[in-house]
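Below, each chain spelled out in residue letters.
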Amino acid sequence: MATPALKAKELGNKAYKAKQFDVAIKHYDEAIALDSTDITFYNNKGAVNFEKGDYDAVIEVCLKAVDIGKEHGSDYKHIAKALARVGKAYMKKDDLDKSLYYYDKAITEHRDPNILSERSEVLKLLKEKEKLAYIDPEKSQAEKAKGNEQFKQGKYAEAIEFYNEAIKRNPSDHVPYSNRAACYTKLMEFGLAMQDCDKCIELNPMFIKGYLRKAAVLKIDKPQEAKAVYEKALEIDPNNAEAKQGIHHCSQSLRNLKPEDRAKLAMNDPEIQQILQDPSMQVILEQMQKDPAAAQEHLKNAAVRDKFMKLVESGVVQVR
């Protein structure tokens, strides 16, 4: 048979589920008055205060719950829950150091997966806060300048260290990524160079050096992809000499390949794949293969002609 205190608790639970928070607190206070040794009454009251957004009240009642729980030998899971709720309240108050402190105390009582997950979120927020606090665009420019000096002296590894710091100080600046990519290219760390080029382009799609440095890496063994990147660079600056020279170099490299090797290489080009997967182009290519007159008719369409010439240049389509 339920005691009067437990009956009061049940009434509090029903009010809580109905979101009648003030009524719920009244019943939990009644339960505490009838039996001040049960930690669950305090924990439940803490949960209601949390829903109300009264985080100071959460901290007060849950710390009281911990004291009661330890004094009367309550289940360690209930103590852990009270401590975790204190940590959660401090997180809502944006006091992340105190939040982590109480989450750490909670997991010493019980390593509950939910508590561990909440603690991880606090650590993530702390890390992000520290990262934001470290940002200083002026210091980033100074570090970048030091990196540039090292680069000019051919000290690429040393330059990378300065660019690393410049990026930490201002992660939204695209230039240090581009500069670091140049260092990685010199050191033949092509995978890292590509990552930095892609990040640079993501941050500033109109920064032509990002494309030029990416193409410079790609042309080593992927001339078809490099040519496409150089073409994007020309969209930004149609008169860029490096991009024009790069396209010429890639075209020459492709011409020097055996037809079957050139075609095989081209099949990795997303643009080529898109053309070949286009149902209308599939029909047109089939008609052009069977009927030369149809070919002439289709090539009058500028869009079709451009796609067809792309396939010819890549070696995917052979013209005899």
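Anything mentioned here points back to the structure above.
Basis of the calculations
- Residues numbered from 1 in each chain as written.
- Predicted model: local features only at pLDDT ≥ 70, side-chain atom pairs only at ≥ 80, totals over all residues.
- Heavy atoms only, no water.
- Helix = DSSP H or I, 4+ residues; strand = E, 2+ residues; numbered from the N terminus.
- Expected span 1.5 Å × (residues − 1).
- Buried < 20%, exposed > 50% of the residue type's maximum accessible area, 1.4 Å probe, protein only.
- Core = buried A, V, L, I, M, F, W, Y, C linked by side-chain atoms within 4.5 Å.
- Axes fitted to C-alpha atoms, helices over the stretch in contact; angles between N-to-C directions.
- Parallel < 35°, antiparallel > 145°, perpendicular 65-115°, else oblique.
- Left-handed = near helix turned anticlockwise from the far one by under 90°.
- Contact = heavy atoms within 4.5 Å.
- Nonpolar A, V, L, I, M, F, W, Y, C, P; charged D, E, K, R; others polar.
- Arc of directions from axis to C-beta.
- Polar contact = N/O pair within 3.5 Å; in protein donor to acceptor, adjacent residues only side chain to side chain.

**So, helix H13 (residues 223-236)**
Okay, step 1: For H13, which comprises 14 residues, the first-to-last C-alpha distance of 20 Å matches the rise-based estimate of 20 Å (1.5 Å per residue) to within 8%.
Okay, step 2: All of the buried residues in H13 are Pro223, Gln224, Ala226, Lys227, Ala228, Val229, Tyr230, Ala233 and Leu234.

**Re the nonpolar core**
Okay, step 1: If you look at the biggest cluster of nonpolar residues, it comprises 33 residues, and the most contacted ones within it are Tyr42, Cys62, Leu83, Val86, Ile115 and Val122.
Okay, step 2: Those elements that provide at least two residues to this core are helix H1 (4-17), helix H2 (21-34), helix H3 (39-52), helix H4 (55-71), helix H5 (76-92), helix H6 (96-109) and helix H7 (113-134).
Okay, step 3: Here this core takes nine residues from H5, the largest share from any one element.
Okay, step 4: Tyr211, Leu218, Ala243 and Cys250 belong to the second-largest nonpolar core, a separate cluster that totals 22 residues.

**A word on the packing of H5 against H7**
Okay, step 1: Packing of H5 against H7 brings their axes to within 11 Å, and their N-to-C directions diverge by 25°. If you check the angle between H5 and H7, you find them roughly parallel. In this structure, H5 meets H7 at a crossing whose hand is left-handed. For the pair H5 and H7, the contacting residues are Ala80, Ala84, Lys88 and Met91 in the first and Ile115, Glu118, Val122 and Leu125 in the second.
Okay, step 2: Of the residues belonging to the contact of H5 with H7, the class tally is six nonpolar, no polar and two charged.

**Points about H1**
Okay, step 1: Over its 14 residues, H1 runs 20 Å from end to end, which matches the ideal 20 Å to within 8%, given 1.5 Å per residue.
Okay, step 2: Taken together, the buried positions of H1 are Ala5, Ala8, Lys9, Gly12, Asn13 and Ala15. Seen end-on, H1 carries its buried residues on one side only, within an arc spanning 165°. Across H1 from its buried face, at more than 90 degrees, point the exposed residues Pro4, Lys14 and Lys17.
Okay, step 3: One or two steps after H1, the chain reaches Lys19, where phi turns positive at roughly 60°.

**Focus: the side chain of Asn240**
Okay, step 1: Mapped onto the secondary structure, Asn240 falls in the loop between H13 and helix H14 (241-256).
Okay, step 2: Within the structure, the side chain of Asn240 is placed 3.2 Å from the backbone nitrogen of Glu242, a separation counted as a polar contact.
Okay, step 3: Side-chain polar atoms of Asn240 contact the backbone nitrogen of Ala243, separated by 2.8 Å.

Functional significance is not addressed by these values, which are geometric in nature.
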